[in-house]
Amino acid sequence: MGSEVGPRLAMSRRKADRMLSRGFELTERPAVLQAMAEGRIDEGKALLILDQISVLSEIHKAIVEEDLLAYAQTRTYTSVRRHAQTMIHKLDPDAALRRHKKATKERVVEKRDLDDGMSSLRFVVPALEGVLIYDRIDRIARALPKDDRTLDQKRADVAMDVLLGKDTGAPQGEVRVYLTMPVTSVIGMNDDPAMLHGYGPLPAEVARDVVAGGIWKRILTDPVTGMAEEVSDVYRPTAKQRELIAARFPRCTAIGCQQPAHRCDLDHCCRYDGTNTTVKNLRPKCRHHHRMKHESTWRCENLPDGRHMWTTPSGDVYETELEPIAEPAPF
């Protein structure tokens, strides 16, 4: 069939086979196909849902599919992927681990030729190592002396120097990753996933190896909401405040932004008055969205339950969702 469809649509047989395969998968999940046909989700989210539920049993597929179809209508692609991964890890930790091990075997480095004498290098590596590699490149780039290069240009130059064995011209620095993991999972009572800041859920088995050699901090959570409440015990926030805010809000609180909290500014939602440098008033915002709030007519407000509400210049209102780091108590 691909050999017939390909010439008719002026595409390769491989691409035609891929389209036919996706079409078949969609017809096998009529609820996903209907949601896409009605415009409630786009093609990218529909295919994402198909891919994410593929490792589950039919019973679990039905549960996750229904949840994701409702969730995806008002969330970004990245949020849907993270939500799906978290559900899969909790419903079937073994399936999540099998998927991780299979994906690890498919790690690769690819080179793609670009126009104007440029090339693109693509690395597919485990998420933990990917976060560590990027953090190292970013730290070295930020430590370089100021010059006419942008930070992105410095990161590219650092990556080239490291891979070519050249001196980067800056201290190597200490690389870090931030993992949040229930203590019951750390000690093996269950296999609830860990959350890798800047990425999403990791299988418990993978995270335990990191935790064993890491520095631990206890975070108390609200038993009702699962949100972080306290990290074991001025205008500039204290280190303790920063850690707690990063635990409560692991990324920029602008709608759809995925910048990890440790690379964001801490913004006073209500203008600083000398007394309101508090956890309730501070939210992580990347530099772009921090400036957008102060230099435009965008407005934001903290809601009592911890959500962050944004009002656009045209009057549209969006609310960020809470991101508990623990399961709410079952009562």
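Structure shown above.
Residues numbered from 1 in each chain as written. Predicted model: local features only at pLDDT ≥ 70, side-chain atom pairs only at ≥ 80, totals over all residues. Heavy atoms only, no water.

Q: Please provide a residue-by-residue account of the sheet that holds strand β11 (residues 308-311), values included.
A: Judged by pairing direction, the sheet is antiparallel, and its three strands sit side by side in the order β10-β11-β12 without closing on themselves. With one partner strand each, in any of the chains shown, β10 (299-302) and β12 (317-319) form the two edges of the open sheet. Each adjacent strand pair in this sheet contributes to an overall mean axis angle of 20°, direction not counted. Taken together, the three bridges between β11 and β12 define a ladder with antiparallel strand orientation. What sits directly across from M309, in β12, is E319. (Pairing = 2+ DSSP bridges. Helix = DSSP H or I, 4+ residues; strand = E, 2+ residues; numbered from the N terminus. Axes fitted to C-alpha atoms, helices over the stretch in contact; angles between N-to-C directions.)

Q: Tell me about the packing of helix α6 (residues 77-91) against helix α7 (residues 93-105), and name the residues and values.
A: As a packed pair, α6 and α7 sit with axes 5 Å apart at the nearest point and diverge in direction by 120°. As the angle between them shows, α6 and α7 are arranged oblique. Taking contact as the criterion, the partners of Q85, I88, H89, K90 and L91 in α6 are, on α7, P93, A96 and R99. Counted by class, the contact of α6 with α7 contains four nonpolar, two polar and two charged residues. (Parallel < 35°, antiparallel > 145°, perpendicular 65-115°, else oblique. Contact = heavy atoms within 4.5 Å. Nonpolar A, V, L, I, M, F, W, Y, C, P; charged D, E, K, R; others polar.)

Q: Explain the layout of surface pockets to me, and be specific about the residues and the numbers.
A: Taken as a whole, the second largest pocket spans an internal volume of roughly 920 Å³. Counting residues per element, the ones that place at least two in the lining of the second largest pocket are β2 (119-124), α8 (127-143) and α9 (151-163). Sorting elements by how many residues they give to the lining of the second largest pocket places α9 first, with seven residues. (1 Å grid on protein atoms, 1.4 Å probe; cavity = no way out; pocket = protein on both sides within 12 Å on 5 of 7 lines; lining within 4 Å. Points joined across faces, edges and corners; volume = space filled by probe spheres on them.)

Q: So, a nonpolar patch on the surface: which residues are in play, and what are the values?
A: Where nonpolar side chains cluster on the molecular surface, the patch consists of V109, L121, F123, V125, I133 and L163 and spans about 560 Å² of accessible area. Residue placement: F123 occurs in strand β2. (Patch = residues over 30% accessible without salt bridge, like charges linked within 9 Å, V, L, I, M, F, W, Y side chains within 5 Å. Areas by Shrake-Rupley, 256 points an atom, 1.4 Å probe, with all protein chains shown as cover. Salt bridge = Lys/Arg side-chain N within 4 Å of Asp/Glu carboxyl O.)

Q: Which residues make up the pattern of salt bridges, and what are the values?
A: Evaluation of the coordinates by the stated rule reveals 23 salt bridges. Across the pair R13 and D17 runs a salt bridge, and its minimum N-O distance is 3.1 Å. With a gap of four residues between them, R13 and D17 both fall in helix α2 (residues 13-28), about one helical turn apart. R149 serves as the salt-bridge partner of D157, at 2.8 Å between the closest nitrogen and oxygen. When its relative accessible area of 23% is taken as the criterion, D157 is described as partly exposed. Using a relative accessible area of 28% as the deciding quantity, one classes R149 as partly exposed. Within this structure, D138, R142, D152, R155 and R263 form a network of salt bridges that share partners. (Buried < 20%, exposed > 50% of the residue type's maximum accessible area, 1.4 Å probe, protein only.)

Q: Would you mind going over α8 in detail, with residue names and values included?
A: Residues separated by three or four positions in an α-helix point in the same direction, a consequence of the helix having 3.6 residues per turn. Across its 17 residues, α8 extends 24 Å between first and last C-alpha, which sits within 8% of the 24 Å expected from 1.5 Å per residue. Burial in α8 covers these residues: A127, L128, V131, D135, I137, D138, I140 and A141. (Expected span 1.5 Å × (residues − 1).)

Q: Outline the nonpolar core, supporting the account with residue identities and numerical values.
A: By size, the foremost hydrophobic cluster in this structure holds 21 residues, and its most contacted members are V32, I41 and I49. Among the secondary structure elements, those contributing two or more residues to this core are α3 (30-37), α4 (43-53), α5 (58-72) and α6. For this core, the leading source of residues is α4, giving six residues. Contact partners of I41, with chain neighbours within four places excluded, come to V32, A35, M36, A46, I49, L69, A72 and Q73. One finds C252, A254, C269 and C300 within the second-largest nonpolar core, a separate group that totals nine residues. (Core = buried A, V, L, I, M, F, W, Y, C linked by side-chain atoms within 4.5 Å.)

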